[in-house]
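Structural overview for review
What follows is the residue order along each chain.
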Amino acid sequence: MGALQSDRIVRALDQLRIELPSWGFANTGTRFGKFIQAAAATTTEEKLSDAGEVHRLTAVCPTVALHVLWDFPQGAASTGEVRKLSQRYGVRAGSINPNLFQDQEYKFGSFGNPDPAVRRRAFEHVRDSIEIARRLESRDISLWFADGSNYPGTANIRQRKRWFEEMLRAAHAELSPTQHLLVEYKPFEPAFYHTDIADWGMALHLARHAGAQAKVLVDTGHHYAAQNIEQIVAWLLSEGMLGGFHFNDRRYADDDLTLGSIDPYQVFRIFHEILLYEWETGKPADIAYMIDQSHNLKGKIEAMIQTVTMAQELYCKAALVDYGELLRSQSHCDLVGAESLLQDAFATDVRPAIHEWRRAKGLPDNPMEAFRQSGYLERISKERAARNSQSVSSYA
Ligand code: RM4
Ligand code: MN
Ligand code: MN
């Protein structure tokens, strides 16, 4: 690998930061059941401790996404405690995620619920979440809605759209000047006939309607099978509307599998669009990269380390594309030449250069190996086993 290529890798690694989800360290499962792990985090403190361990070994995960219902039992009054614990474990609060889908009231929706009292309650929860984010100096409030319907004719789609427009606008009015409202979309599940924010067009419309600080959040698992996600990314970048990412991989739907486990080339292509945008415009894309995975079979901390490592590898590969050459090939319609630039970059083994970067930072070459030798897993398994054998926490 030449000096130019190594330089690009160093720059890419210095730039990439990945947010860990607190819920990814707790016991979760599928709607068919949960397999309890002795080492799973049972409290917010344990989640932050596990996230801190991933950050200690990789140095690229300084923030943790938090779910309000699960991590702030006393709402805004819990922020002092969360701040203290984050500091103790060497991480910071990242995006704040309201929970608008788990309470009984939300059976027929939150912002789209026909009952005005439920809509108001949902709005108040979002307002509290914005306040929590403000107290923790978190920039992003990530909104994901389970709202939708299961049977034709049972919901007024246009009316619900109007409620979403109004309420997101009202939520936007609560933001501090530096905060962002991120609007996530998902085509189906848990609603199977219609989902109120089903795709990026709907999310884009609602974000624009809400105000200048609202952007779209792309979750890689929230698309139909053949959809070209990198094209959506390119369009949102071009509109200045890509606010964040939820990383995971999928084979069928919202499978929440480990990033790059099924289709690493797709993640590479997404990173390529982002890096090409940055190169062409000369400005950072300013995207919050977050992991949204919940592993019920793999060890949770190991799965996070695997994800972070994979994200780094694919990001570095994408950084190797010769953009000047690519644009020349594109303008001459040299199809094979242009495509090869991507394929060659994807085929490059970037691991030795990543190891070197880690060594230079005093980090272990191989964070997974270092984790396995650290004794951390054995210690927490012992400490948490009894609690985990009794409790089944979190969502399916
Ligand atoms: C959804 C979506 C959200 C996540 C919830 C729990 O499918 O991906 O981002 O917060 O799951
Ligand atoms: Mn998500
Ligand atoms: Mn999801």
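Look up a bit, the structure's there.
An account of the accompanying structure is given in this report. Everything quoted here is computed from the prediction, not taken from an experiment.

Basis of the calculations
What you see as residue numbers is a count from 1 along each chain, following the sequence as written. Chain letters and ligand numbers both follow the written order, the letters beginning at A and the numbers at 1. Note on the predicted model: pLDDT of at least 70 is required for a residue's local features to be given, and 80 or more for side-chain atom pairs to be given and counted; whole-chain, interface and lining totals, by contrast, use all residues. In computing side-chain values, all of the structure's heavy atoms are included and hydrogens and water are not. Any carboxyl oxygen of Asp or Glu that lies within 4 Å of a side-chain nitrogen of Lys or Arg is treated as forming a salt bridge with it. Helix numbers and strand numbers start at the N terminus; a helix is a DSSP run of H or I with at least 4 residues, a strand a run of E with at least 2. For every residue, the accessible area obtained with a 1.4 Å probe (protein chains only) is divided by the maximum for its type, and the residue is called buried under 20%, exposed over 50%, and partly exposed between those limits. If DSSP finds at least two bridges between two strands, the strands pair. The handedness of a crossover follows from its direction of travel: if, with the strands pointing away from the viewer, the path from the first strand over the helix to the second runs clockwise, the crossover is right-handed. Counted as donors are the N, O and S atoms within 2.8 Å of the metal, or 3.2 Å for Na, K and Ca, while water is not among the atoms, so some sites may look incomplete.

Here we come to the pattern of salt bridges. Scanning the model with the defined rule gives 26 salt bridges in all. Asp14 is paired through a salt bridge with Lys361; the nearest N and O atoms lie 3.5 Å apart. With Asp14 in helix α1 (residues 3-15) and Lys361 in the loop between α13 (351-360) and α14 (367-374), this pair connects stretches of sequence that are 347 residues apart. Note that Lys47 is salt-bridged to Asp71, the shortest N-O span being 2.8 Å. Of the two residues, Lys47 is situated in helix α2 (residues 44-58) and Asp71 in helix α3 (residues 68-71); the sequence distance between them amounts to 24 residues. The two residues Lys47 and Asp71 agree in class, both being buried. Here the salt bridges share partners, and the residues they tie into one network are Glu46, Asp50, Arg384 and Arg387.

Most of strand β10 (residues 214-219) is tucked away: 6 of the 6 residues are buried. The pairing of β10 with strand β11 (residues 242-247) spans 4 bridges and is parallel. Across the sheet, the residue bridging to Asp219 is His246, located in β11. In this region the chain leaves β10, passes through helix α8 (residues 229-238) and returns to the parallel neighbour β11; the handedness of that crossover is right-handed.

Looking now at the coordination of the manganese ion (ligand 3). Within the protein, the atoms that donate to the manganese ion (ligand 3) are His222 (NE2), Asp254 (OD) and Asp254 (OD), at distances of 2.2 to 2.7 Å. A spacing of 3.9 Å is found between the manganese ion (ligand 3) and the manganese ion (ligand 2). Here Asp254 lies in the loop between β11 and α9 (264-281) and His222 lies in the loop between β10 and α8, a separation of 32 residues in the sequence. Of the residues examined, His222 reaches a relative accessible area of 4% and is grouped as buried.

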